[in-house]
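Tertiary structure, described
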Amino acid sequence: NHSRYGRMTFMNGTEFLAYFSHLPNELTVFVLSLLPLVEMRLAFPIGVYLFDLNPWLTLGITFSGSVILVAGLYWVFPPIFRWLEQHWQWFHRVLEQRLRKLALKHEKLYQRFGALFLFLFVVDPFPGTGVWTAVPLAILLGMNPRFSIPAILLGSLVSGYLAAFVTQGALFFF
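We now turn to the structure provided with this report. Nothing here was measured: the structure is a model prediction, and the numbers come from that model.

A short note on the overall build of the protein chain
The number of helices and strands found in the protein chain is eight helices and two strands. Per-residue burial for the protein chain yields a buried fraction of 39% across its 174 residues. The long-range fraction of contacts in the protein chain, counting pairs at least 24 apart against all pairs at least 6 apart in sequence, stands at 65%. For the protein chain, the computed accessible surface area is about 10900 Å², with 68% contributed by carbon and sulfur atoms.

In structure tokens:
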């Protein structure tokens, strides 16, 4: 039941979740919260509705995934970006001409309002605006991790609460 688009093969959500069928449901939700595009926003409803997990437990599991994800991405991305900049001229050019000039020109604004921007960026419910995008953005813009990491984590937590509110309703908070 795979649909074909060129040489790529896509599977539906049920087939994808079948790969995790041998794991405990809590671990499956945790692993899902680490994946790009899934993160907390989708892992939470899967945990609550598909696996019938307690909403508060699911929120804790998915937020733990976000914390580990942010730490891991902050550890992995800088060396990758340095390597790309050294070996690919176009990457170096983009960094120098666009991002670093912008960061230097508006450094005080980035340091003052950059964390707020990252928070709002992660809270945004649209695909591609989660932790997987916010961390590299903060690194490439040269934002201070002391401010960017808490902003990203807080944005992820609020995003999780919003997912909980949308899927569980107002009764979730009481």
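Here the narrative resumes, following the displayed structure.
Notes on the packing of helix α7 (residues 131-140) against helix α8 (residues 145-168)
At a closest axis distance of 11 Å, the pairing of α7 and α8 adopts a crossing angle of 165°. Judged on the interaxial angle alone, α8 and α7 are roughly antiparallel. Seen from above, α7 lies across α8 with right-handed handedness. Residues Val131, Ala134, Val135 and Ala138 of α7 touch α8, and the partners they reach there are Ser148, Ile152 and Ser156.

Quick notes on helix α4 (residues 55-87)
Its 33 residues give α4 an end-to-end C-alpha distance of 46 Å, which sits within 8% of 48 Å, the value for a rise of 1.5 Å per residue. The sharpest bend along α4 measures roughly 25° and falls at Phe77, with the proline Pro78 sitting one to four residues further on. N-capping of α4 is provided by Asn54, with a side-chain oxygen placed 2.7 Å from the backbone N of Trp56.

Some details on the environment of Phe77
With respect to the helices, strands and loops of the structure, Phe77 is situated in helix α4. Spatially, the C-alpha atoms of Phe77 and Leu140 are 9.5 Å apart, while their sequence positions differ by 63 residues. Among residues more than four places away in sequence, those in contact with Phe77 are Trp132, Val135, Pro136 and Ile139.

Structural notes on the packing of helix α2 (residues 25-34) against α4
Contact geometry of α2 with α4 gives a least axis separation of 8 Å together with a crossing angle of 40°. Taken together, the axis directions place α2 and α4 in an arrangement best described as oblique. Helix-helix and strand crossings are classified by hand; for α2 and α4 the assignment is right-handed. Of the residues in α4, those touching α2 at Glu26, Val29, Phe30, Ser33 and Leu34 are Leu57, Thr58, Ile61, Thr62, Ser64, Gly65, Ile68 and Leu69. Of the residues belonging to the contact of α2 with α4, the class tally is seven nonpolar, five polar and one charged.

Examining the side chain of Thr129
On the secondary structure map, Thr129 appears in the loop between α6 (107-123) and α7. One polar contact links the side chain of Thr129 to the main-chain carbonyl oxygen of Asp124, over a distance of 2.8 Å. Beyond its immediate stretch of four places on either side in the chain, Thr129 contacts Arg41, Phe121, Val122 and Asp124.

A few points about the nonpolar core
Of all hydrophobic cores here, the largest spans 26 residues; its most connected members are Val70, Tyr74, Leu118, Val131, Val135 and Ile152. At the level of secondary structure, the elements contributing two or more residues to this core comprise α4, α5 (89-105), α6, α7 and α8. By size, the runner-up hydrophobic cluster in this structure holds 10 residues, among which are Leu32, Ala43, Leu53 and Ile61.

Examining the side chain of Ser156
Tracing the sequence through the fold places Ser156 in helix α8. Setting aside anything within four residues of it in sequence, one finds Ser156 in contact with Met40, Ser66, Val122 and Val131.

Some remarks on the environment of Trp56
If you trace the backbone, Trp56 turns up in helix α4. Residues Trp56 and Phe44 lie 12 residues apart in sequence; the distance between their C-alpha atoms is 9.8 Å.

A closer look at the environment of Val135
Of note, Val135 is situated in helix α7. Residues Val135 and Val122 lie 13 residues apart in sequence; the distance between their C-alpha atoms is 9.8 Å.

Cut-offs used in this document
Residues numbered from 1 in each chain as written. Predicted model: local features only at pLDDT ≥ 70, side-chain atom pairs only at ≥ 80, totals over all residues. Heavy atoms only, no water. Helix = DSSP H or I, 4+ residues; strand = E, 2+ residues; numbered from the N terminus. Buried < 20%, exposed > 50% of the residue type's maximum accessible area, 1.4 Å probe, protein only. Contact = heavy atoms within 4.5 Å. Areas by Shrake-Rupley, 256 points an atom, 1.4 Å probe, with all protein chains shown as cover. Axes fitted to C-alpha atoms, helices over the stretch in contact; angles between N-to-C directions. Parallel < 35°, antiparallel > 145°, perpendicular 65-115°, else oblique. Left-handed = near helix turned anticlockwise from the far one by under 90°. Expected span 1.5 Å × (residues − 1). Bend = angle between axes of the 7 residues up to and from the residue. Polar contact = N/O pair within 3.5 Å; in protein donor to acceptor, adjacent residues only side chain to side chain. Nonpolar A, V, L, I, M, F, W, Y, C, P; charged D, E, K, R; others polar. Core = buried A, V, L, I, M, F, W, Y, C linked by side-chain atoms within 4.5 Å.

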